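# Residue-level structure breakdown
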Protein chains: 2
Amino acid sequence: MSPIADLSRDDLEALRLKVRGDYEAFRARGLKLDMTRGKPAPEQLDLSNGLLAFPGNRDYFTEAGEDARNYGGLQGLPEARALFSSMLGAPADRIVVADNSSLAIMHDCIVWALLKGVPGSAAPWSQTSSPAFLCPVPGYDRHFAICEEFGIRMIPAPMTGQGPDMDAVEALAADPAVKGMWCVPKYSNPSGEVYSDAVAQRLAAMKTGAPDFRLFWDNAYAVHRLTERRREIADILALCDEAGHPDRAFVFASTSKVTIAGGGLAFFASSPANVRWYLARASKRTIGPDKLNQIRHVRFLKDEAGLLRHMDAHRVLLAPKFDAVVNALEARLAGAGVAQWTHPEGGYFISVDVADGTAKQVVALAQAAGVALTPAGATWPHGRDPHDRNLRLAPTFPPLRDVRDAAEGIAICILLAAIEKLRAA
Amino acid sequence: MSPIADLSRDDLEALRLKVRGDYEAFRARGLKLDMTRGKPAPEQLDLSNGLLAFPGNRDYFTEAGEDARNYGGLQGLPEARALFSSMLGAPADRIVVADNSSLAIMHDCIVWALLKGVPGSAAPWSQTSSPAFLCPVPGYDRHFAICEEFGIRMIPAPMTGQGPDMDAVEALAADPAVKGMWCVPKYSNPSGEVYSDAVAQRLAAMKTGAPDFRLFWDNAYAVHRLTERRREIADILALCDEAGHPDRAFVFASTSKVTIAGGGLAFFASSPANVRWYLARASKRTIGPDKLNQIRHVRFLKDEAGLLRHMDAHRVLLAPKFDAVVNALEARLAGAGVAQWTHPEGGYFISVDVADGTAKQVVALAQAAGVALTPAGATWPHGRDPHDRNLRLAPTFPPLRDVRDAAEGIAICILLAAIEKLRAA
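The written sequence of each chain sets the order in which its residues are numbered from 1. Here chains are named by letter from A upward and ligands by number from 1 upward, in the order in which they appear as written. Since the coordinates come from a predicted model, pLDDT governs what is reported: local features require at least 70, and pairs of side-chain atoms require 80 or more to be given and counted, while whole-chain, interface and lining totals use all residues. Derived side-chain values reflect all non-hydrogen atoms in the structure, with water molecules and hydrogen atoms excluded from consideration.

A word on the packing of aromatic side chains. By convention, a stacked pair of Phe, Tyr or Trp rings (six-membered ring in the case of Trp) has centres within 6.5 Å and planes under 30 degrees apart, an edge-to-face pair has planes over 60 apart, and any other such pair is tilted. Inspection of the entire model under this criterion finds 34 aromatic pairs over all chains. Considering the side-chain rings of Tyr195 of chain B and Trp217 of chain B, the 5.7 Å spacing of their centres and the 85° angle between planes classify their relative orientation as edge-to-face. A residue pair is termed long-range when its members are at least 10 positions apart, and Tyr195 of chain B in the loop between β5 (178–183) and α8 (197–205) and Trp217 of chain B in strand β6 (residues 214–218) qualify at 22 residues. Put simply, the rings of Trp112, Trp125, Phe133, Trp182, Phe216, Phe250, Phe252, Phe268, Trp277 and Tyr278 of chain A pair up and form one aromatic cluster. By the criterion adopted, a ring carries a charge over it if an Arg CZ or a Lys NZ lies within 6 Å of its centre and within 35 degrees of its normal. Between Lys39 of chain B and the ring centre of Phe397 of chain B, over which it is positioned, the NZ or CZ distance is 4.7 Å. One residue, Lys257 of chain B, lies across the ring of Tyr348 of chain B, its end atom 5.3 Å from the ring centre. Helix numbering and strand numbering both begin at the N terminus, where a helix is a DSSP run of H or I of at least 4 residues and a strand a DSSP run of E of at least 2.

Okay, structure coming up:
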């Protein structure tokens, strides 16, 4: 296909009629498909069914011989911390294991920072005039929702394909009101990009206006690869340490997309001072996490090798779905000059930049044809994409056949919206 | 025994020597006993071992046919809300089921109130000049710790044996800076008292200076009786509704002392507006609770009758421990005029008022004799008991034989401290 911008008015109209026909035919199929959220599919959850009968009636003692049923153990079981130490890039004593949601840990870090401050704060963040976070875009809507909830200003920073644009980030971080930055360093949500070592190095070393600046390092997809190649990212805690900013990074992760989405474990890892700070705050909130669920995970995954084998089984289920989306986009859109899409090596999303000003229309067309997409703009702070062009596709949950159908429909919608925009111009 | 205050100087000295001898003999036994925290004993946790193998590999569907393994279900499963509806005194649609800690729900309500306000707030509580909570004393140290953490002033209010002194509470609540009040309405921590219907009625109806005043109604021991008699408390949500203050009460509870202390369920129940508020805030924090643990509880306890039968089994284990403490105090201290203690009909504690100015000394004497007690003052805000007289005894965790030994030692320490105080006067 040649770029639609190069077509004559007549050829464009002919193409429009053809694509409109394709769209109507697709709509006539009366499908009902959902590509909105990064949820694991039932077959993925089945991989962890062995966990559901653990610990069993008599197996509730920790390696230290403590009764995991009772109160306590705020930092999490040492054996659970050790199991995920490599995934988190932190020694076990710098890890906290909490309940099922890493988002909850991030939320709590923000509210405690607002009300109490973090190590190095001269005052609680809420006493800063107009505190702000840097938000690489496109990014994760639930990160942005926490900032919005608590009135934290969000400053978008562009992504480069290797992580955020560090010239822009360094300039923005010089403002003392900038207290933190959201980062999904590996298989980023939604672009799939992996932060380069140089980016991580600059994030660790950069001068910040706020002495209590924090990287919210959400390593959500640490072990979630989609190809044979295993990507590694830099050890952010070590880099921060070496750069003289030992307390700069808060590292987050969870097993929501490893074991059980609604019943996994979530993790916080950081410097000794930050871990002490976190535990001191958390001790006011709870007597301890659900240690039985930690025992379930230890019994089931056993060790780092078991964890990686388990992730390989996820990959076998997921890779064909991502291929189906990329293939459908390729088949319908290659060369048309109407969209660019990512080929992620891991993570849960495909990010598509459609023709400027058409993302909302693509979502509306897809909706009318039975394909639910994440609202256009969701990947930007406050849901406002200034170019109205980014779409996040989430192919993990539906069956492969549905993903294939949905992707075909989405490709048609992208092309139709671009043609109609061009025609109206 | 006659009151030690009536003894002649010689008789007092003779008694002192005898009791000092008893103390030294007790200390010589080299015991190591812990009466500090309200933890269930292993035999109590054993009652719920059947829960530990649930749901099993294939039983993860909710009554509505949803897959409990995946994300979502922020309010909790309808069947879990129905199971605990009677315990909470609220219909299922006014209940939220969260993870293992009701303290965490209270903490979150406080931080959200501080940062966002509650329904009816003109501004976030943190923008109020010097916000305060009423704290019936003696009370629960972890409640007080949350206030202390966030700089909320604590105003003690006396207890009467039927709940807080309502004349005092009504006068204090007229201050617009008073935003809330801690209440443990049934088998109160630590006094064991049960709020009378009249007290509940006045709490619901009283005029408060703050339009967004909240009762933090921590019904921690709703089904935790120690005797044949089942005490009922008033329906606080209905009373608030009738009094024209439908949003006044936040109700909290958990199964920490019903099933698994570290792996139970926690609950929030309130008015429709408060539940909407809670869920709107919680939706920024998490995608949903661990629904598999809710399924475990539903499969195991089955229904309200199952819950109450289960609590009867706890009672059989706990009542002898409470009896042992009361009997030991009675045996050593009756008539001596050195202490008053509660005879709780439920809950987890015995509260002892020793001779004024001796509580710290009793704890120190007990410590030196191998009996760990909760620090004196713990039942008061900031750990400061102005009379230095209240002790909280927690007899649930140690084996019965240890409870008996510890109680004997404590009684000796109480008597010795009182005699030595009187002698020095």
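Now, onward.
This next bit is on the side chain of Ser351 of chain A. Residue and element names in this part refer to chain A. Relative to the helices and strands, Ser351 is located in strand β10 (residues 350–354). Any N or O atom pair separated by 3.5 Å or less is treated as a polar contact, with the protein-specific requirement of one donor-capable and one acceptor-capable atom, and with residues adjacent in sequence counted only for side-chain atom pairs. Within the local environment of Ser351, its side chain forms a polar contact with the side chain of Asn390, the two groups lying 2.9 Å apart. Beyond its immediate stretch of four places on either side in the chain, Ser351 contacts Pro138, Pro190, Ser191, Gln340, Trp341, Thr342, Asn390 and Leu391. When checking whether two residues touch, look at their non-hydrogen atoms; a contact exists if any pair is within 4.5 Å.

Of the two site types, the cavity is a set of points on a 1 Å grid over the protein atoms alone where a 1.4 Å probe fits but cannot get out, and the pocket is an open set with protein on both sides within 12 Å along at least five of seven lines, each lined by residues with an atom within 4 Å of a point. Grid points are joined across faces, edges and corners, and a volume is the space filled by probe spheres set on the points. Tallied over the entire structure, the rule returns seven cavities of 30 Å³ or more. As for the largest cavity, its lining consists of 32 residues, and the residues nearest its centre are Asp99 and Arg285 of chain A together with Asp99, Ala104 and Arg285 of chain B. At the level of elements, β2 (95–98), α5 (102–116) and α10 (272–285) of chain A together with β2 (95–98), α5 (102–116) and α10 (272–285) of chain B are the ones that each hand at least two residues to the lining of the largest cavity. In terms of residue count, α5 of chain A provides more of the lining of the largest cavity than any other element does, four residues in total.

Here the focus is the pattern of salt bridges. All names here are of chain A. What counts as a salt bridge is simple: a side-chain nitrogen of Lys or Arg found within 4 Å of a carboxyl oxygen of Asp or Glu. Evaluation of the coordinates by the stated rule reveals 62 salt bridges over all chains. Between Arg20 and Glu420 there is a salt bridge, with its nearest N and O atoms 3.1 Å apart. You can see Arg20 sitting in helix α1 (residues 9–28) and its partner Glu420 sitting in helix α14 (residues 400–424), a full 400 residues away along the chain. The structure contains a network of salt bridges with shared partners spanning Glu13, Arg16, Arg20, Glu24, Arg27, Glu420 and Arg423.

Residues and elements named next belong to chain B. Every axis in this analysis is a line fitted to C-alpha atoms, fitted for helices over the stretch in contact. Angles between the N-to-C directions lie between 0 and 180 degrees. Direction vectors running N to C along helix α1 (residues 9–28) and helix α14 (residues 400–424) enclose 145°, while the axes themselves pass 9 Å from each other. Relative to α14, the crossing made by α1 is left-handed. Along its contact with α1, which presents Arg9, Leu12, Glu13, Leu15, Arg16, Val19, Arg20, Asp22, Tyr23 and Phe26, the element α14 presents Asp405, Gly409, Ile412, Cys413, Leu415, Leu416, Ile419, Glu420, Leu422 and Arg423. Ten residues, namely Ala, Val, Leu, Ile, Met, Phe, Trp, Tyr, Cys and Pro, are considered nonpolar, four, namely Asp, Glu, Lys and Arg, are considered charged, and the remaining ones, Gly among them, are considered polar. Looking at the contact of α1 with α14, its residues break down into eleven nonpolar, one polar and eight charged. Note on convention: near helix rotated counterclockwise from far helix by under a right angle means a left-handed crossing. Clockwise means right-handed.

For this overlay, a least-squares fit was computed on C-alpha atoms, restricted to residues scoring pLDDT of at least 70 in both copies. With an axial shift of 0.0 Å and an RMSD of 0.0 Å, the rotation relating chain B to chain A amounts to 180°. What the superposition gives is, in effect, a two-fold axis relating one chain to the other. Identified as the residue of chain B closest to the rotation axis by C-alpha distance is Ala53 of chain B, at 2.3 Å. A high fraction, 100%, of the interface residues of chain B reappear at the interface in chain A, so the copies pair face to face through one surface.

Turning to the pairing of β6 of chain B, a few remarks are in order. All names here are of chain B. Each residue's exposure class comes from its accessible area (1.4 Å probe, protein chains only) as a fraction of the maximum for that residue type: buried when under 20%, exposed when over 50%, partly exposed otherwise. Taking burial as the measure, the five residues of β6 include five buried ones, the bulk of the element. The alternating pattern of β6 places Arg214, Phe216 and Asp218 on one face and Leu215 and Trp217 on the opposite face, and all of these are buried. As defined by bridge partners, β5 adjoins β6 across four bridges and the pair is classed as parallel. Each residue of the ladder has a partner; that of Trp182, found in β6, is Phe216. Here a crossover is taken to be right-handed if, once the strands point away from the viewer, the path from the first strand over the helix to the second is traced clockwise. In this fold, the crossover linking β5 to β6 by way of α8 has right-handed handedness. Sheet topology places β6 next to strand β7 (residues 249–254); four bridges connect them, and they run parallel. Whether two strands pair comes down to DSSP finding at least two bridges between them.

Next up on the list: the interface of chain B and chain A. Listed by partner, the interface residues are 58 residues for chain B and 58 residues for chain A. Defined here as a combined quantity, buried area equals the accessible surface (1.4 Å probe) lost by two parts on assembly, summed across both. When chain B packs against chain A, the two sides together hide about 4,800 Å² of surface, and 52% of this comes from carbon and sulfur. The largest per-residue losses of area from chain B upon contact with chain A belong to Arg69, Tyr71 and Arg285 of chain B, which jointly make up 17% of the total buried on that side. In this assembly, chain B and chain A are joined by ten salt bridges. A salt bridge links Arg281 of chain A to Glu149 of chain B; its shortest N-O distance comes to 2.3 Å. At the boundary of chain B with chain A, the tally comes to 27 residue pairs in polar contact (both at pLDDT 80 or more). Looking at the side of chain B that touches chain A, the elements with two or more residues in it are α2 (42–46), α5, α6 (141–149), α10 and α11 (291–301) of chain B. Here the side of chain B that touches chain A takes nine residues from α5 of chain B, the largest share from any one element. Broken down by class, the residue content of the side of chain B that touches chain A amounts to 25 nonpolar, 16 polar and 17 charged.

Here α6 of chain B lies mainly inside the structure; seven of its nine residues are buried. Of the residues trailing α6 of chain B, Gly151 of chain B is marked for its positive phi of about 70°.

Residues and elements named next belong to chain B. Given the relative accessible area of 2%, Trp217 is considered buried. Residues Trp217 and Tyr348 lie 131 residues apart in sequence; the distance between their C-alpha atoms is 17 Å. Excluding residues within four positions of it along the chain, Trp217 makes contact with Cys183, Pro185, Tyr195, Ala200, Leu203, Ile233, Ile236, Phe250, Val251 and Phe252.

Below, the discussion takes up the environment of Ala253 of chain B. Residues and elements named next belong to chain B. As for its position among the elements, Ala253 is in strand β7. Residues Ala253 and Glu43, spaced 210 residues apart in sequence, show a C-alpha to C-alpha distance of 22 Å. Non-local contacts of Ala253, meaning those with residues more than four positions away in its chain, are made with Met87, Leu88, Ser102, Asn219, Leu265, Ala266 and Phe267.

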